[in-house]
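Coordinates in review
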Amino acid sequence: MSTPLWEAGADLVVVGTGVAGLTAALRARELGLRVLVVTKGEQPDGNTRWAQGGVAVVLPDQHDEGDSVDAHVRDTLTAGAGLCDEDAVAAIIAGGPAAVTRLRERGAVFDAAADGLLARTREGGHSAFRVVHAGGDATGAEVERALLAATADGRVPVLERHVAVDAVRTPLGQVCGLLVLDADGVPGVLTAPAVLLATGGLGQLYQATSNPEVATGDGLALALRAGAVAADVEFVQFHPTVLYTGRGARGRCPLVTEAVRGEGAVLVDATGARVMRGVHPLADLAPRDVVAAAITRHLADAPGGVDDHVFLDATGIPDFARRFPTVFAACVAAGVDPAVRPIPVAPAAHFACGGVVSDVDGRTGVTGLYAAGEVARTGLHGANRLASNSLLEGLVVGTRAAEAVAADLALGVLARCQGTAELPTAPVADRDSLQRVMSRYAAIGRDAEGLAVVGSVLDLSTADRELDSPRLVEDAALTLAARALIAAAARRTESRGCHVRTDHPARDDAWRRGQVVRLNPSGQPVLADPAAVSRGVA
Ligand code: SIN
């Protein structure tokens, strides 16, 4: 179907209303750009709202003795298990203090300690208390509230309930607009010389996730179809502690923030034995990949192998309800009082460490296409993200991406276009089958045989469909993301960070490099030749 042209009149279309998207939109407006924000849901529907722990940042005038930006960089590199881009890490972490200051100027209120300075907590992999938080454990909600309030003057229009389907491109492949569908499947084209993807992650690849319903990998799929490349997609971080609400949990599960362990809680099994004792020098505050994998191993090794959850003993934390109101409310709703009994928890899909390859200014390899936040792979996270570095990345890269768009517009390198776009046809798998096999064979603990099963099930349940409804756009994105992930996971014959291969349990430094995925001419995700990647071309 050919679609009508809507002249958006914008210099920049931002897709997504999370921290990266709203930060970019606000900065672009400050720079005098005309911005339109598009979201497939309603404004507060993204991942940002659910972030609990906080923003990892070393502020110049308030930090632990001996802590520094360099120490934060070191912790990030350690957590990333050898696959971070060191320049990207240095640039993004160094941008943290200014980003947090700007956010506070925009109205975000962080929790204060008794001395009047910002309260700081600690999470897994951090060598110091440097995570600033809001509302106890409601940091994402406060960040989102402040950013939405700052956009509420009408100068950043938001088009709700429109899903981004594809980039519109010139004959030379430059992005010059966006094909969208409304909730009823009515298509339209928004023309703009710059499109910024800030669409979040892909937790819905799995049956149980901390992510909301909207986290279906749409931006990753759109970028690949537009000719961009992705990397590190095999590294999906599982959060060690989502609230266990019963066998066979589905969809978004309530998070139990790692800051609960930062304040002294410990993981125990059904017999009361400590799960993390002897596993890592930081014990319960080891990096997240280590803790999630240790829980999974502990459960598999339990007599009879029947347990599917462990417990977080937070009974020693004074005034739990005041410090962690969001977690407390979720526990109470599940019939657990964390002050008197350990919280049942299990790992669940949480964060895509990889994504669309982009630099720290959000530029992808496709002119006019930018990415920021979880959808992007800047190299900050490597094989495993350090806790509370994601809001930080969204704030820093969101700002820088808006500045990059302004600079590229001023240089005249972006394209404007006219015309219409066709709704694409793409392979679409059955979502339930996909989530089932991804959870069974491509979560923590993968092997060649299981990954091949995922491929076969996807083959059997996939059909080519015209993407003429929001649900089909999402399902096509999940299908493409799953295909890319299993291709990369099957080829990486080692265990590193969030990628745990039971048939290759050791780290192999021949694999100390990222894998790049692109689409071949028939639209299938393929891995670039490793030799080509090491020469820096995909
Ligand atoms: C948490 O609070 O444990 C999650 C925060 C994050 O993903 O960084």
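Residues numbered from 1 in each chain as written. Predicted model: local features only at pLDDT ≥ 70, side-chain atom pairs only at ≥ 80, totals over all residues. Heavy atoms only, no water.

Digging into the site of the ligand
Note the threshold: Note on terminology: near, applied to a residue and a molecule or strand, indicates that one of the residue's heavy atoms is within 4 Å of it. Counted as a polar contact is a pair of N or O atoms within 3.5 Å, where, for protein atoms, one must be capable of donating a hydrogen and the other of accepting one, and residues adjacent in sequence contribute only when both atoms are in side chains. For the accessible areas, the method is Shrake-Rupley and the probe is 1.4 Å, while residue cover comes only from the protein chains on display. Three classes are used: nonpolar for Ala, Val, Leu, Ile, Met, Phe, Trp, Tyr, Cys and Pro, charged for Asp, Glu, Lys and Arg, and polar for all others, with Gly counted as polar.
The immediate surroundings of the ligand are formed by Gln 52, Gly 53, Glu 123, His 239, Leu 255, Thr 257, Glu 258, Arg 288, His 350, Arg 385, Ala 387 and Ser 388. The side chain of Glu 123 places a nitrogen or oxygen atom 3.4 Å from an oxygen atom of the ligand. Between Arg 385 and the ligand, the recorded distance is 2.7 Å, taken from a side-chain N or O atom to an oxygen atom. In isolation the ligand exposes 260 Å². Once the protein is present, 96% of that is buried. Classifying every residue of the shell around the ligand gives two nonpolar, six polar and four charged.

Digging into the pairing of strand E11 (residues 194–197)
The condition is simple: The classification of residues rests on relative accessible area computed with a 1.4 Å probe and restricted to protein chains. Under 20% of the type maximum is buried, over 50% is exposed, and intermediate values are partly exposed. By definition, any uninterrupted DSSP run of H or I lasting at least four residues is a helix, any uninterrupted run of E lasting at least two residues is a strand, and each is numbered from the N terminus. Strands were regarded as paired on the criterion that DSSP finds at least two bridges between them.
A two-sided burial pattern is seen for E11, the buried positions comprising Ala 194 and Leu 196 on one face and Val 195 and Leu 197 on the other. Bridge count between strand E2 (residues 12–15) and E11: four bridges; the pairing is parallel. Within E11, the position partnered with Val 13 by the bridge is Val 195. Examined bridge by bridge, E11 and strand E20 (residues 369–371) share three bridges and lie parallel to one another. Across the sheet, Leu 197 pairs through a bridge with Ala 371, a residue of E20.

Some thoughts on the sheet that holds strand E6 (residues 131–132)
Hydrogen bonds between backbone groups are what pair the strands of a sheet, and the pairing can be parallel or antiparallel. Spatially, the three strands line up as an open sheet ordered E4-E6-E5, and their pairing is antiparallel. The strands lining the two open edges of the sheet, one partner per strand, are strand E4 (55–56) and strand E5 (120–121). As paired strands, E4 and E6 are joined by two bridges and run antiparallel to one another. Each bridged residue has a counterpart across the sheet, and for Ala 56 the counterpart in E6 is Val 131.

Some remarks on the packing of aromatic side chains
Quick note on the threshold: A pair of Phe, Tyr and Trp rings is counted when the ring centres sit within 6.5 Å of each other, with Trp represented by its six-membered ring. The angle between the planes then sorts it: under 30 degrees is stacked, over 60 is edge-to-face, the rest tilted. We call a charge positioned over a ring when the NZ of a Lys or the CZ of an Arg lies within 6 Å of the ring centre and within 35 degrees of the ring normal.
Per the stated rule, a full pass over the model turns up two aromatic pairs. The residue whose ring lies beneath Arg 385 is Phe 351, and the NZ or CZ to ring-centre distance is 4.0 Å. In this structure, Arg 513 is placed above the aromatic ring of Trp 511, and the distance from its NZ or CZ to the ring centre is 4.4 Å.

Digging into the nonpolar core
The following threshold applies: We define a nonpolar core as any set of buried Ala, Val, Leu, Ile, Met, Phe, Trp, Tyr and Cys residues linked to one another through side-chain atoms lying within 4.5 Å. Contacts are assigned to residue pairs that have any heavy atoms within 4.5 Å of one another.
Membership of the largest hydrophobic core comes to 61 residues, with the highest contact counts inside it found for Leu 197, Leu 205, Tyr 206, Leu 369, Met 438 and Leu 485. Take this core: its biggest share by element is 10 residues, from helix H14 (residues 470–491). Filtering out sequence-adjacent residues up to four positions away, Leu 485 remains in contact with Leu 205, Tyr 206, Val 233, Glu 234, Val 236, Met 438, Ala 442 and Arg 446. If you look at the next biggest cluster of nonpolar residues, it comprises 52 residues, including Val 57, Leu 148, Leu 196 and Leu 395.

Digging into the confidence of the model for the chain
Defined as follows: A score from 0 to 100, pLDDT tells how confident the predictor is in each residue.
Per-chain confidence: the chain averages 93 in pLDDT, with 95% of residues scoring 70 or above. In the model, residues 531–538 has pLDDT below 50 throughout and makes eight contacts with residues more than four positions away in sequence or in other chains.

Quick notes on the environment of Ala 376
Residue placement: Ala 376 occurs in strand E21 (residues 376–377). Residue Ala 376 is classed as buried on the basis of its relative accessible area, which comes to 1%. Note: C-alpha distance between Ala 376 and Ala 223 (153 residues apart in sequence) is 10.0 Å. Contact partners of Ala 376, with chain neighbours within four places excluded, come to Gly 354, Gly 355, Val 356, Ser 358 and Ala 371.

Some points on empty space enclosed by the protein
The line we're drawing: In this analysis a 1.4 Å probe is tested at points of a 1 Å grid over the protein atoms alone, and where it fits but cannot get out there is a cavity; an open set with protein on both sides within 12 Å along at least five of seven lines is a pocket; lining residues have an atom within 4 Å of a point. Grid points are joined across faces, edges and corners, and a volume is the space filled by probe spheres set on the points.
Under the counting rule described, the total for this entry stands at four cavities of 30 Å³ or more. One number sums up the size of the second largest cavity: a volume of about 100 Å³. Forming the walls of the second largest cavity are 15 residues, and the residues nearest its centre are Leu 202, Leu 220, Ala 352, Gly 354 and Gly 355. Partitioning the lining of the second largest cavity into residue classes produces eight nonpolar, five polar and two charged.

What to know about the sheet that holds E21
In plain terms, the rule: Note on definitions: angles span 0 to 180 degrees between N-to-C directions of axes, and those axes are lines fitted to C-alpha atoms, for helices only across the stretch in contact.
Within the open sheet, the five strands sit side by side as E21-E19-E13-E24-E25. Their pairing is mixed. Whereas interior strands pair on both sides, the edge strands pair on one side only; in this sheet they are E21 and strand E25 (525–527). With two bridges connecting them, strand E19 (residues 355–357) and E21 associate as parallel partners. Counted as the bridge partner of Val 357 is Arg 377 from E21. Along the sheet face, H14 touches strand E24 (516–519) and E25 and points at about 20 degrees away from the line of E25.

With respect to the state of the cysteines
Covalent bonding between the sulfur atoms of two cysteines defines a disulfide. The test is simple: The definition used for a disulfide is geometric: two cysteine sulfur atoms within 2.5 Å.
Throughout the structure, instances matching the rule amount to one disulfide. The residue that forms a disulfide with Cys 176 is Cys 417, at a sulfur-sulfur distance of 2.0 Å. On the S-S bond that ties Cys 176 to Cys 417, the torsion sits near 90 degrees, and the link is right-handed. On the criterion of sequence distance, the pair formed by Cys 176 in strand E9 (residues 175–182) and Cys 417 in the loop between helix H11 (389–411) and strand E22 (425–429) is long-range, its members being 241 residues apart. Cysteine Cys 84 shares no disulfide, and the gap to the nearest cysteine sulfur, in Cys 353, comes to 9.1 Å. A disulfide-free cysteine, Cys 253 has its sulfur positioned 13 Å from the sulfur of Cys 331, the nearest such atom.

Observations regarding the layout of surface pockets
Estimates place the volume of the largest pocket at around 1,400 Å³. Together, 45 residues line the largest pocket, and Thr 296, Pro 347, Ser 439, Ala 443 and Ile 444 are the ones closest to its centre. The dominant element in the lining of the largest pocket, judged by the number of residues it contributes, is helix H8 (residues 288–301), at seven residues. Tallied by class, residues from the lining of the largest pocket come to 24 nonpolar, 10 polar and 11 charged.

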